[in-house]
Amino acid sequence: MPELPEVETIRRDLQPLVTGRKIVSAWVSEDAPRLVQLLPTAEFERLLPGHVIEDVSRRGKYLVFNLSEGMLWVVHLRMTGRVKHQWTGCAGTDPYNRASFGLDDETWLCFNDLRKFGMMWLVDDWSLVKDDIGPEPLEDGFERDPFLASLKRRSAPVKSILLDQRVVAGIGNIYADEALFAAGIDPRKAANKVSRPKGTLLHKAIIDVLTEALGGRGSSFRDYVDGKGNEGSHHLKVRVFRRTGEPCYVCDTPIKRTKVGGRSTHYCPRCQR
DNA sequence: CGTTACCTGAAA
DNA sequence: TTTCAGGTAACG
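Residues numbered from 1 in each chain as written. Chains lettered and ligands numbered in written order. Predicted model: local features only at pLDDT ≥ 70, side-chain atom pairs only at ≥ 80, totals over all residues. Heavy atoms only, no water.

**Student:** Quick one: what's the story with unusual backbone geometry, residue by residue and with numbers?
**Tutor:** Peptide bonds are mostly trans, and most non-glycine residues show a negative phi. Its identity is not glycine, yet Leu 38 carries a phi of approximately 70°, on the positive side. By the element assignment, Leu 38 lies in the loop between β1 (23-28) and α2 (41-47). For Leu 38, a relative accessible area of 62% translates into the label exposed. Backbone geometry places Glu 106, a non-glycine residue, at a positive phi of 70°. With respect to the secondary-structure elements, Glu 106 resides in the loop between β6 (97-103) and β7 (108-113). What makes Glu 106 exposed here is its relative accessible area of 66%. (Helix = DSSP H or I, 4+ residues; strand = E, 2+ residues; numbered from the N terminus. Buried < 20%, exposed > 50% of the residue type's maximum accessible area, 1.4 Å probe, protein only.)

Laid out in structure tokens, this is it:
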């Protein structure tokens with residue numbers, strides 16, 4: 001569900017609320033046996049309490065709680081995961097609450113996940129979670145030339161390359177479609193056939209589209225809510241995503257939908273070549 | 001490289 | 001009844 005703008009919005013919400021707080025309890029539902037990675041669930045529940053949350057950070061679509069003793073508590077929301085800060089416990093209030101964490105100021109962090117694809121880790125080293133993630137698109141490390149080079153060396157559809165977290169971190173199905181529209185590129189076009197000028201436009205479009213979506217606190221098409229349980233607003237501003245049959249804002253041609261790499265894909269057949 | 005599996009519920 | 005869903009790992 002959540003892509004970079006959504007996860008970053010959650011991070012910004014949570015950071016002032018939980019920084020400096022000690023975790024005093026941890027519970028994971030028996031109904032979510034795949035939630036905790038690398039460690040047995042019981043071990044995770046035993047090890048987490050006692051740590052202080054020193055900061056909340058993010059890497060791509062991963063939300064990271066930087067804990068005392070150098071530990072990292074990492075959460076990936078996948079399709080329907082939510083992390084909310086609450087002043088009441090989460091047990092029993094919603095059937096999809098899969099984990100809950102008590103803090104030392106009597107507040108709670110609740111992890112909710114309808115489809116149970118979400119995952120979490122407790123590690124002392126980021127590389128145990130993911131060791132080949134690409135640059136952050138909204139930071140200096142996202143440079144044009146290495147990006148153009150990764151397009152050059154691959155023959156898959158350019159959209160599939162945008163979804164590859166090794167090329168650039170944090171883009172998902174919404175913002176891949178939006179960035180390709182902004183750059184005027186057909187999502188089905190082979191990455192290595194995208195011209196250098198168009199590739200350059202795409203590099204800029206990625207930054208622009210993600211920045212704009214972050215300004216709208218993310219897109220709530222279905223399940224996404226922020227760290228306080230509120231919806232974002234950027235879904236009201238998308239140019240092509242889920243606008244099948246509606247007129248392109250630039251040329252009035254109806255937006256088309258197709259499948260690329262198994263993912264639903266939206267584009268303007270006139271503006272995008 | 002493209003496709004399937006992982007889950008559950010809503011929409012077509 | 002079938003298809004579809006902000007993701008990604010594991011297949012062949």
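**Student:** How would you explain the protein's contact with DNA strand B if you had to name every residue and give the values?
**Tutor:** In the neighbourhood of DNA strand B, the contacting residues comprise Arg 34, Tyr 96, Leu 114, Arg 115, Lys 116, Phe 117, Arg 154, Ser 155, Ala 156, Pro 157 and Arg 222. Within 4 Å of the protein, the contacting atoms of DNA strand B are drawn from sugar and phosphate to the extent of 69%. Within the side chain of Lys 116, a nitrogen or oxygen atom sits 2.8 Å from a phosphate oxygen of DNA strand B. In this structure, a phosphate oxygen belonging to DNA strand B sits 3.4 Å away from a main-chain N or O atom of Ala 156. Residue classes in the surface near DNA strand B are distributed as five nonpolar, one polar and five charged. (Near = heavy atom within 4 Å. Polar contact = N/O pair within 3.5 Å; in protein donor to acceptor, adjacent residues only side chain to side chain. Nonpolar A, V, L, I, M, F, W, Y, C, P; charged D, E, K, R; others polar.)

**Student:** Which residues make up the domain arrangement of chain A, and what values go with them?
**Tutor:** Split by domain assignment, chain A resolves into domain 1 (4-128) and domain 2 (144-267). Using only C-alpha atoms to locate each centre, domain 1 and domain 2 end up separated by 28 Å. Taken together, the contact pairs 18 residues of domain 1 with 19 residues of domain 2. Taken together, the two surfaces of domain 1 and domain 2 that pack against each other cover about 1600 Å², and 61% of this comes from carbon and sulfur. When the buried area of domain 1 at its contact with domain 2 is split by residue, Pro 5, Glu 6 and Asp 13 rank highest and sum to 32% of it. In this assembly, domain 1 and domain 2 are joined by one salt bridge. Note that Asp 13 is salt-bridged to Arg 217, the shortest N-O span being 2.9 Å. Listing elements by their share of the side of domain 1 that touches domain 2, those giving two or more residues are α1 (4-18) and β5 (81-86). (Domains from an automatic or database assignment. Contact = heavy atoms within 4.5 Å. Buried area = accessible area lost by both parts, 1.4 Å probe. Salt bridge = Lys/Arg side-chain N within 4 Å of Asp/Glu carboxyl O.)

**Student:** I'd like a description of the sheet that holds β7, backed by residues and values.
**Tutor:** Spatially, β1-β6-β7-β5 is the arrangement adopted by the four strands of the open sheet, whose pairing is antiparallel. One side of each edge strand has no neighbouring strand; the edge strands of this open sheet are β1 and β5. For this sheet the average axis-to-axis angle between neighbouring strands, irrespective of direction, equals 15°. Of the pairings in the sheet, the one linking β5 to β7 comprises six bridges and is antiparallel in character. Paired with Lys 84 across the bridge in β7 is Cys 110. Against the sheet, α1 touches β5, β6 and β7, its axis set at about 30° to β5. (Pairing = 2+ DSSP bridges. Axes fitted to C-alpha atoms, helices over the stretch in contact; angles between N-to-C directions.)

**Student:** Please give an account of the pairing of β6 that cites residues and values.
**Tutor:** Counting buried residues along β6, seven of its seven residues qualify, which places the element largely inside the surrounding structure. Pairing between β1 and β6: five bridges, direction antiparallel. Bridge pairing links Trp 27 to Ser 100 in β6. Pairing of β6 with β7, which is carried by five bridges, proceeds in the antiparallel orientation. Across the sheet, Ala 99 pairs through a bridge with Phe 111, a residue of β7. The antiparallel pairing of β6 with β7 creates a hairpin that spans four residues between the two strands, and Glu 106 there sits at a positive phi of about 70°.

**Student:** How would you explain the state of the cysteines if you had to name every residue and give the values?
**Tutor:** Counting across every chain of the model gives one disulfide. Distance from the sulfur of Cys 248, which forms no disulfide, to the nearest cysteine sulfur (Cys 268) is 3.7 Å. The buried category is assigned to Cys 248, whose relative accessible area is 1%. The cysteine Cys 251 is free of any disulfide, with Cys 268 supplying the nearest cysteine sulfur at 3.6 Å. By relative accessible area, which is 19% here, Cys 251 ends up buried. (Disulfide = S-S within 2.5 Å.)

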